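One letter stands for each residue in the lines below.
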Amino acid sequence: MSEMEWSDGLDDEQRRAVEHGATPLVVAAGAGTGKTRTLTARVARLLDAGVPPERVLLLTFTRRAAAAMTTRAAAACARPEAAGRLWGGTFHAVAHRLVAEHAPHLGLADVTVLDPGDVTDLLDLIREEHGLTGTGRRLPTSQSIADIYSRAVNTGTPARRLMAEQFPWCLPHADAITGLLRDYGTRKRARGLLDFDDLLLYWRALLDDERVGPRLRARWDWVLVDEYQDVNRVQVDIVRGLRPDGDGLTVVGDDAQAVYGFRGASPEHLLSLLDDLPKASLVRLERNFRSTQPVLDLANVARPGELRLRLVADRGAAGERPRVIRCRDADDEARQVADAVLAAHQEGLDLREQAVLMRTGTHSHQLEIELKVRSIPFVKYGGIGYLETAHVRDVLAAFRLALNPADEVSWYRLLTRHRAIGKAGARTLAGILSGTDEGRYDEALRTASDKARPGLAATLDQLRTAQSADATAAVVEACHAAVLPLLRVHYADWSRRSADIERLVESAAGGSDLRAFIADATIDPANVAGDWAKQPYLDEDYLTLSTIHSAKGLEWSAVHLIRASDGAIPSDMALTSDAGLAEEERLFYVAVTRARDTLHVYSPGRLPTHPTSFHARHVLAKPSRFLTPEVLAVADRVDVTRPAAPVDIDTDIGIDSDIDCAASRSATPVTVPSMDELFG
DNA sequence: CAAGTAATTGTTTTT
DNA sequence: CAATTACTTG
């Protein structure tokens, strides 16, 4: 054990966590307290102590976090090559690996992962049989039904009770919905289809199995879990199933940063672990290496939760006080943000060091227009990914059919892209084609209408080629050939979409394992998208726009939090329950703790009811309820709606009549440099 | 039963 | 202003 580089620069508490023995360890790590460094140092220390890397399992919530941690652990330990043999990844990715490995034990001939879009497609496909298609009164969307399903399994709540509590408008159809969901389950099982939730459920089932469970448990001595406040019931069971007495278990989390309640997570899981494992030790990390004290003063005041961590800036007391900017409306807000971003840029702060955070992807609409007008380059995270667009999913469906001809959902999707095949035709044909009958292709052709037959024949031909091909490139090429003529006709804006397809096909053909490529694309779209999606400004300087969820774990020198008005933060969707409101409060906390040096919080007095700006009606909005007097006391208030005198932000709700753009622009005397020369 | 046209809706957050 | 959805017509 030579250098012990992993110990470099750790403070006492971090070192305690890193050097802790085998008894269960809970690390309560506030934002910016070196959580990743601590976790990776602990892994490096284990490896340096001679632990075989394959006996260490590191579970994270995003692929990015997993990659960052293994890389850093490798860099910090004496045997960097060993870190490559670590088991690391998201819960879902590891689950997929294990489920594929144990497919026979699980009674699965093949494993195809359904993305959330596929799930709604499948529900659409079968809902008619359950009397959920009539026109007339409004029926719950398949999306809502999928939500009910997911929440039920992830929280262990009976669907009926769940509906009563959280989806009351679905209650009149409770019988039909529960019937549909049962059918959904058997349908998936019969076809070897697994949705995201199934991956976790199957993993848990493996752990519960008398024969497989002990072997799985014996595979790892050390299990480390990041972001434990974001685990749901099933994930808790998996972790506990892996380490029943807690020995070798390390979890890191922060109850104030739990923001995945809608996915069945609860910060309670972190807190209750301490009760469930009496031997567990708690280490609290409160020294913050990220932000200035003034930023942390605001964060500490805003911090919810039980752990009551108080962050202290390692950087000392100096720093600029956060600013709360009251603005007139969304357009005004966009101008304020753009002005501030440019001003900082002029003072030498790269755009890369700045980010705009928002509650939902649509909140940046006005800002995006403003940025385009001013030629400020930006990249937006958290919106609809390329892999979720229809045409890309069409190609993925073809890939999946090449590997799993029983994939009814993919059949359905592909069939509806054909001319002369609509919903009804696709449904019957998908049933035939996903079956096991020897002559199912011929039968499908016989069933198809005269108009549909030629197109279908061509598709089936190519898919047969794909299914019998060995080399990945050949499979991909055949699928490409099957899909191309369909999509060219089907999409009116084909020219805009074709480039995406080319990139996807190229990237899939380049890989060695199509199965892995599809699983990656499904379980972690960003991972694959990053390889081939266009990233025009990758080498250049650009501003980051991100949802708060996607910004978790990241940091920037300057952070602009927009739409800090009631109805946006907290989202009006969340106001119906205490739990929902508490989660919004945690989101606010996550957002403000992303800032290293400057934090600007913008609160428009009028919010668009409708995300697109034109015939948008506006509704009056109060400042976010999270901008409490205590929070405001540690911030500088700026009111750009009435530039003459600062107005108490609590009482001014901006009731002024119509907005005069020129007036509001002149009210903010920030000089706007020509962007062409700045970025030319 | 498919496909085209008209009307009418919107919209959390993500593995 | 999309993108579903309802209603028409072939």
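Since the structure is predicted, the reported quantities are computational estimates derived from the model, not experimental observations. (Residues numbered from 1 in each chain as written. Chains lettered and ligands numbered in written order. Predicted model: local features only at pLDDT ≥ 70, side-chain atom pairs only at ≥ 80, totals over all residues. Heavy atoms only, no water.)

What follows concerns empty space enclosed by the protein. Within this structure, the stated rule accounts for 2 cavities of 30 Å³ or more. Taken as a whole, the largest cavity holds about 110 Å³ of empty space. Taken together, His96, Asp110, Val111, Thr112, Val113, Arg400, Leu403, Asn404, Arg515, Ile518 and Ala519 make up the full set of residues lining the largest cavity. Among the secondary structure elements, those contributing two or more residues to the lining of the largest cavity are β4 (112–114), α17 (390–403) and α24 (514–523). With 3 residues, the single largest contributor to the lining of the largest cavity is α24. Its residues assigned to classes, the lining of the largest cavity comprises 5 nonpolar, 3 polar and 3 charged. Forming the walls of the second largest cavity are Asp115, Asp118, Arg393, Leu396, Ala397, Arg400, Val409, Ser410, Arg413 and Thr522. In terms of residues, the lining of the second largest cavity owes the most to one element, α17, which gives 4 residues. Classifying every residue of the lining of the second largest cavity by side-chain character gives 3 nonpolar, 2 polar and 5 charged. (1 Å grid on protein atoms, 1.4 Å probe; cavity = no way out; pocket = protein on both sides within 12 Å on 5 of 7 lines; lining within 4 Å. Points joined across faces, edges and corners; volume = space filled by probe spheres on them. Helix = DSSP H or I, 4+ residues; strand = E, 2+ residues; numbered from the N terminus. Nonpolar A, V, L, I, M, F, W, Y, C, P; charged D, E, K, R; others polar.)

Moving on, we come to the domain arrangement of chain A. Note on interface size: it is often stated as the accessible area lost on association of the parts. Partitioning chain A into domains gives domain 1 (12–100 + 199–285), domain 2 (112–191), domain 3 (312–377 + 537–639) and domain 4 (387–532). For domain 2 versus domain 3, the distance between C-alpha centres works out to 36 Å. (Domains from an automatic or database assignment.)

Let us look at the UniProt feature "binding site: ATP" (unreviewed entry) in chain A. This chain's UniProt record puts "binding site: ATP" (unreviewed entry) on Ala29, Gly30, Ala31, Gly32, Thr33, Gly34, Lys35 and Thr36. In this structure, Ala31 sits in the loop between β1 (25–29) and α2 (35–48). Exposure remark for Ala31: the relative accessible area of 2% places this residue in the buried category. What Ala31 contacts, discounting residues up to four positions off in sequence, is Asp254, Gln257, Asn288, Arg290, Leu311, Tyr589, Thr593 and Arg594. With respect to the secondary-structure elements, Lys35 resides in helix α2. (UniProt positions renumbered as here; feature names shortened; annotations may be inferred. Buried < 20%, exposed > 50% of the residue type's maximum accessible area, 1.4 Å probe, protein only. Contact = heavy atoms within 4.5 Å.)

Here we come to the environment of Leu296. On the secondary structure map, Leu296 appears in helix α14 (residues 293–302). With 83 residues separating them along the chain, Leu296 and Gly213 place their C-alpha atoms 45 Å apart. Those residues in contact with Leu296 that lie beyond four places of it in its chain are Asn288, Ser291, Leu311, Val312 and Ala313.

With that settled, the discussion passes to the packing of aromatic side chains. A complete count under the given rule lists 7 aromatic pairs for this structure. Taking the centre distance of 5.2 Å and the plane angle of 85 degrees together, the rings of Tyr149 and Tyr184 count as edge-to-face. One end of the pair, Tyr149, is in helix α7 (residues 142–155); the other, Tyr184, is in helix α9 (residues 174–191), and 35 residues separate them in sequence. The same class applies to Tyr149 and to Tyr184, which are both buried. An aromatic cluster of three or more residues is present, and its members are Phe61, Phe91 and Trp203. Over the ring of Trp87 we find Arg97, and its NZ or CZ is 3.7 Å from the ring centre. Sitting over the ring of Tyr260, Arg263 keeps its end group 4.1 Å from the ring centre. (Phe/Tyr/Trp six-rings, centres within 6.5 Å; stacked < 30°, edge-to-face > 60°. Lys NZ or Arg CZ within 6 Å of the ring centre and 35° of its normal.)

The next subject is the environment of Pro214. Here Pro214 is to be found in helix α11 (residues 212–217). Spatially, the C-alpha atoms of Pro214 and Leu285 are 34 Å apart, while their sequence positions differ by 71 residues.

Turning our eyes to something else, we now look at the pairing of strand β16 (residues 595–604). With 9 of 10 residues buried, β16 is to be regarded as a mostly interior element. Summarising the sheet, strand β11 (residues 323–327) and β16 pair through 5 bridges and their orientation is parallel. Bridge pairing links Arg323 to His600 in β16. Remark: the strand β15 (residues 556–561)/helix α27 (residues 578–592)/β16 crossover connection has right-handed handedness. (Pairing = 2+ DSSP bridges. Right-handed = clockwise from strand over helix to strand, strands pointing away.)

Turning next to the sheet that holds β16. Reading across from one edge, β13-β14-β12-β15-β16-β11-β19 is the order of the 7 strands in this open sheet, with parallel pairing throughout. Among the strands making up the open sheet, the edge pair consists of β13 (378–381) and β19 (636–639). On average, each strand axis in the sheet is inclined to that of its neighbour by 20 degrees, with strand direction left out of account. The strands touched by α27 within the sheet are β12 (354–358), β15 and β16, with β15 carrying the most contacts at an inclination of about 145 degrees. (Axes fitted to C-alpha atoms, helices over the stretch in contact; angles between N-to-C directions.)

Per the stated rule, a full pass over the model turns up 46 salt bridges. Close ionic contact of Asp230 with Lys552 constitutes a salt bridge, the shortest N to O distance being 2.4 Å. Pair noted here: Asp230 is in the loop between β6 (222–225) and α12 (233–242) and Lys552 is in the loop between α26 (548–551) and β15, with a separation of 322 residues, a long-range link. Comparing Asp230 with Lys552, the two get one shared label, buried. Connected through salt bridges with shared partners, the residues Asp115, Asp118, Asp121, Arg393, Asp394, Arg400, Asp407, Arg413 and Arg417 form a single ionic network. (Salt bridge = Lys/Arg side-chain N within 4 Å of Asp/Glu carboxyl O.)

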